[in-house]
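Structure at a glance
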Amino acid sequence: MIELELALPLASFELRVAARLEDGVTAVMGPSGSGKTSLLEAVAGLRRGARGRLALDGRVLLDSAAGVGLPPEARQIGYVPQDAGLFPHLTAHDNVRFGARADAAAVASAVATLEIGGLLERHPASLSGGEKQRVALARALATRPRLLLLDEPLAALDVGLRERILPYLLRVRDEWKTPVLYVTHNVGEALALSSRVLLLRAGRVEALGAPFDLLATPGMASASETGVENLFGGRVRTHDLEGGVTIVDVPARQSLTVPLAPARAPGSEVTVAVRAEDVIVARRAPEGLSARNLFEVRIAAIARAGADVTLRCSPATGRGFARPRGRPDRLPRGEEPFVPAPLRRSSERRC
Amino acid sequence: MLAALALARYRGRGKGVLETLLSLPLVLPPTAVGLVLLDALGRRSPLGGFLARRGLEVVFTWKAVVLAMAVMSFPLLVRSARTAFEEVDPRLVGLARTLGCGPVAAFRRVTLPLAWRGLLAGVVLAFSRALGEFGATVMIAGNIPGRTQTLALAIFHDNQLGHDDRALALAGVTALLAFAALWTAEWFTRRRARRLVA
């Protein structure tokens, strides 16, 4: 249990975060410059200006009213910055055992969890981005932290590498049972790892809730690099290797056809995410359309903001959002009973 | 080194003035600095008199040589040490703290090893300056053979007396010393660089 009540003056606004976070992984999301990294640094004790209260499992780390403020070395919080922050003058092994509390057993099991046994004699300069992240994670874990702070650990990696590092993060979550604050812009990572999402905007908590509920709201579009309003929970039915697609069964006996995702075994649960911008709308059942996925929906509400028209729809699978590009004059103006909404392109994401 | 660290991390008021003051001996003619030191430490000055009463004679002794060299080379040492410290990413120091190191341990295990090359360069630079130091030394320590005569002074002295061969030999010794110092520094630096890139 993390009790947060922090205030920290930043260049353009004041960071003010009050939240109680249960154990497990909390994804910290929000637009760039909303204070995510500053929040992590304040929790780690690296920001002297931080005021307020911070307690971890009842242990008070900061209580400025009572004059308590533990230095970072006494907080037992592991921190992995975006660029891994390895000590360049030390080998990977010396990095992992750098911590004052890093005993041999903890070092060995951190090395095993992250499978970096083969990298230990190398210096950071010769490690790839993904290897650096794994070494940095091991270095933090080896101190047996009570809380782990991860600042976009996958952001600097290309998509293929992210897919390979994610399992290590899942292992850290499941085997070490260390609570984690996980800064990310990526909805897929948040869905895959976190039990809740803390959404920051201009230094304030905008929302705190279950990832699935929170990430499927239109406001999140600006909060993540891949604004995703439509999330469909489903199960992989089959892979069509020749056609390069994967078929995902979603509730109400419907299915979605998405780009091939062979890493997900048939039967495994996945979440399909579709941006509202990627949806087009037809007022009659279309013919000869190249779109793969067609849903019949009912328009529940229409919101116009400048050139953007957002439609809230009620498809059979639950709510959905569309922000179609193209000709606004062809969009429905009021409630219309019959609107098929083909999904022009859908992006598959893990769950 | 403490001064350099303070300059690298301190961000408050008066930093500019302090920096300029520390660098002043670099720009002033060495004889001017020597004169100031001489007046400050001479027996008739308050400070010099105070030291003399306690049996510490500075002016025209080997201590004056050391002092002159220190004052003249200090700015070079501080400047390069400061750059060396500033080049160490403060986030790495913060990370060391989160890993359980106190401020002193973080300095010893992260800042120092990473700034090491720059510090060495500063020491070599300061040493070279000290080796060539003439003006301030001659003002405050005089040129007393066997007591306060440095290599640089001796070369001048011998030349003035017409012993050009001896002056030349001394110049050779100076060159050897300088070469040895620079070469050692270079060797350390290279070995270090290889380890960081390997």
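Everything quoted here is computed from the prediction, not taken from an experiment.

All names here are of chain A. Per-residue pLDDT for chain A averages 81, and the proportion of residues at 70 or more is 86%. Mean pLDDT across the elements of chain A bottoms out in strand S21 (residues 347–349) (43) and peaks in helix H3 (residues 92–96) (96). pLDDT under 50 marks residues 221–226. Its contacts with residues more than four places away, or in other chains, come to 18 contacts. Contacts of residues 336–351 to residues separated by more than four positions or lying in other chains number 66 contacts, the stretch itself having pLDDT below 50.

Residue and element names in this part refer to chain B. Direction vectors running N to C along helix H6 (residues 90–98) and helix H7 (residues 103–132) enclose 135°, while the axes themselves pass 9 Å from each other. Relative to H7, H6 is oriented oblique. You can see that H6 and H7 cross each other, and the crossing is right-handed. Within the contact between the two elements, H6 uses Leu92, Val93, Ala96 and Arg97 and H7 uses Ala106, Arg109, Val110 and Thr111.

This part takes up the interface of chain B and chain A. By a widespread convention, an interface's size corresponds to the accessible area lost as its parts come together. Across the contact, 17 residues belong to chain B and 22 residues belong to chain A. Those elements giving two or more residues to the side of chain B that touches chain A turn out to be H6, H7 and helix H10 (164–197) of chain B. Sorting elements by how many residues they give to the side of chain B that touches chain A places H6(B) first, with six residues. Along the lines of polarity and charge, the residues of the side of chain B that touches chain A split into ten nonpolar, four polar and three charged.

This paragraph deals with the environment of Phe295(A). Tracing the chain through its elements places Phe295(A) in strand S16 (residues 293–297). C-alpha separation for the pair Phe295(A) and Ser255(A), spaced 40 residues apart in sequence, amounts to 9.7 Å.

A few words now on unusual backbone geometry. At Gln76(A), a position not held by glycine, the phi torsion is positive, near 55°. Using a count of 19 C-beta atoms within 10 Å as the deciding quantity, one classes Gln76(A) as partly exposed. Even without glycine at this site, Phe60(B) takes up a positive phi of about 60°. As for its placement among the helices and strands, Phe60(B) is situated in the loop between helix H4 (46–53) and helix H5 (62–86).

Looking now at the pairing of strand S1 (residues 2–9) of chain A. Residues and elements named next belong to chain A. In terms of strand pairing, S1 meets strand S4 (residues 51–56) through six bridges, oriented antiparallel. Looking at S4, one finds that Ile2 is bridged to Leu56. Bridge analysis of S1 against strand S2 (residues 14–21) gives eight bridges, and the strand direction is antiparallel. Paired with Leu4 across the strands is Ala19, a residue of S2. Connecting the antiparallel pair S1 and S2 is a turn made up of four residues.

This part covers the packing of helix H3 (residues 30–41) of chain B against H5(B). Residue and element names in this part refer to chain B. One can describe the packing of H3 onto H5 by two numbers: an axis separation of 11 Å at closest approach and a directional angle of 125°. Judged by the inter-axis angle, H3 sits oblique to H5. Where H3 crosses over H5, the two elements pack in a sense that is right-handed. Residues Pro30, Val33, Gly34 and Leu37 of H3 lie in contact with H5, whose contacting residues are Leu67, Ala68, Val71 and Met72. For the contact of H3 with H5, the residue count by class is seven nonpolar, one polar and no charged.

Thresholds, definitions, all that
Residues numbered from 1 in each chain as written. Chains lettered and ligands numbered in written order. Predicted model: local features only at pLDDT ≥ 70, side-chain atom pairs only at ≥ 80, totals over all residues. pLDDT = per-residue confidence, 0-100. Helix = DSSP H or I, 4+ residues; strand = E, 2+ residues; numbered from the N terminus. Contact = placed C-beta atoms within 7 Å. Axes fitted to C-alpha atoms, helices over the stretch in contact; angles between N-to-C directions. Parallel < 35°, antiparallel > 145°, perpendicular 65-115°, else oblique. Left-handed = near helix turned anticlockwise from the far one by under 90°. Nonpolar A, V, L, I, M, F, W, Y, C, P; charged D, E, K, R; others polar. Buried ≥ 20, exposed ≤ 12 C-beta atoms within 10 Å, placed from the backbone. Pairing = 2+ DSSP bridges.

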